[in-house]
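Results of the structural survey
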Amino acid sequence: MGGKKVLIVKDDPTFVASARAALEAKGFEVLIAADKPRAAITAKREHPDLIILGLVMDSMSAGCSILSALQFEEETKKIPVFLDASATTETGFRIDQDGHAPSWLRVEEFLNAPVDFDNLAERVHAIIGHGEYARV
């Protein structure tokens, strides 16, 4: 796998533990950040190959704020992002369009509950598992 890194930015310990286990089983190095300051610092310092980002954390807009910050910075803007919007599914406040991210959200994948973590690891592998990935 070549030491590919995945940064999980989420404040849900159950999600983080399940995602970490599935990703590490595939040979990925997993980094964790629970908030916007740690996400930005970790992304700039560690240069992850992919980021899994929670939409809702300490506020409803936390994920969008982090996504915007990452995509504004030169050193992090090309990192593919999987956006986990499971909290919106559970609350009934949905932003997806037939299971897909709306066009204004520039993300690679859009996750809704329930998340199949083995499938998530497979999808991560499909994007960054072979060669270098660069968003066009």
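The following paragraphs examine the structure supplied in this document. Every residue gets a number counted from 1 within its own chain, in the order that chain's sequence is written. Confidence filtering applies because this is a predicted model: local features only for residues at pLDDT of at least 70, side-chain atom pairs given and counted only at 80 or more, and all residues used for totals across whole chains, interfaces and linings. To obtain the side-chain values, all non-hydrogen atoms of the structure were included, while hydrogens and water were left out.

Next up on the list: the pattern of salt bridges. What counts as a salt bridge is simple: a side-chain nitrogen of Lys or Arg found within 4 Å of a carboxyl oxygen of Asp or Glu. Summed over the entire model, instances satisfying the criterion amount to nine salt bridges. Two residues, Lys5 and Glu46, come together in a salt bridge whose shortest N-O distance is 3.0 Å. Note that Lys5 is positioned in strand E1 (residues 5-9) and Glu46 in helix H2 (residues 36-46), a separation of 41 residues in sequence. To sort residues, take the accessible area from a 1.4 Å probe on protein chains only and compare it with the maximum for the residue type: under 20% means buried, over 50% means exposed, and anything in between is partly exposed. For Lys5, a relative accessible area of 18% corresponds to the buried category. Segments assigned H or I by DSSP are reported as helices when at least four residues long, segments assigned E as strands when at least two residues long, and all are numbered from the N terminus.

Read from one edge to the other, the open sheet built from five strands follows the order E2-E1-E3-E4-E5, with strand pairing classed as parallel. Lying at the two open borders of the sheet, with one neighbouring strand each, are strand E2 (29-33) and strand E5 (109-111). When strand polarity is set aside, the average angle formed by the axes of neighbouring strands in this sheet is 20 degrees. With four bridges joining them, E1 and strand E3 (residues 50-54) adopt parallel strand pairing. Residue pairing across strands places Leu7 opposite Ile51, the latter belonging to E3. Every residue pair with non-hydrogen atoms within 4.5 Å of one another is taken to be in contact. As a rule, the C-alpha atoms of each element are fitted with a line to give its axis, helices using only the stretch in contact, and angles between N-to-C directions run from 0 to 180 degrees. The strands touched by helix H1 (residues 13-25) are E1, E2, E3 and strand E4 (81-84); relative to E1, the strand with the most contacts, the crossing angle is about 170 degrees. For two strands to count as paired, DSSP must find a minimum of two bridges between them.

So, on to the environment of Pro80. Considering the arrangement of structural elements, one finds Pro80 in the loop between helix H3 (62-72) and E4. Taking the C-alpha atoms as reference points, Pro80 and Asp49, separated by 31 residues in sequence, lie 7.3 Å from one another.

Within E3, five of the five residues are buried, leaving the element largely enclosed by the surrounding structure. Residue alternation in E3 divides its side chains into two sets, Leu50, Ile52 and Gly54 and Ile51 and Leu53, and both sets are buried. Examined bridge by bridge, E3 and E4 share four bridges and lie parallel to one another. Looking at the pairing, Gly54 lines up with Asp84 of E4.

What follows is about the nonpolar core. We call a set of buried residues a nonpolar core when its members are Ala, Val, Leu, Ile, Met, Phe, Trp, Tyr or Cys and they connect through side-chain atoms within 4.5 Å of each other. Membership of the largest hydrophobic core comes to 20 residues, with the highest contact counts inside it found for Val6, Ile8, Leu23, Leu50, Ile52, Leu120 and Val124. Of all the secondary structure elements, the ones that give two or more residues to this core are E1, H1, E3 and helix H5 (117-128). Residues in contact with Ile52, not counting those within four places in the same chain, are Val6, Leu7, Ile8, Val9, Phe15, Leu23, Phe82, Leu120 and Val124. Residues Leu7, Ala43, Ile66 and Leu70 belong to the second largest nonpolar core, which totals 18 residues.

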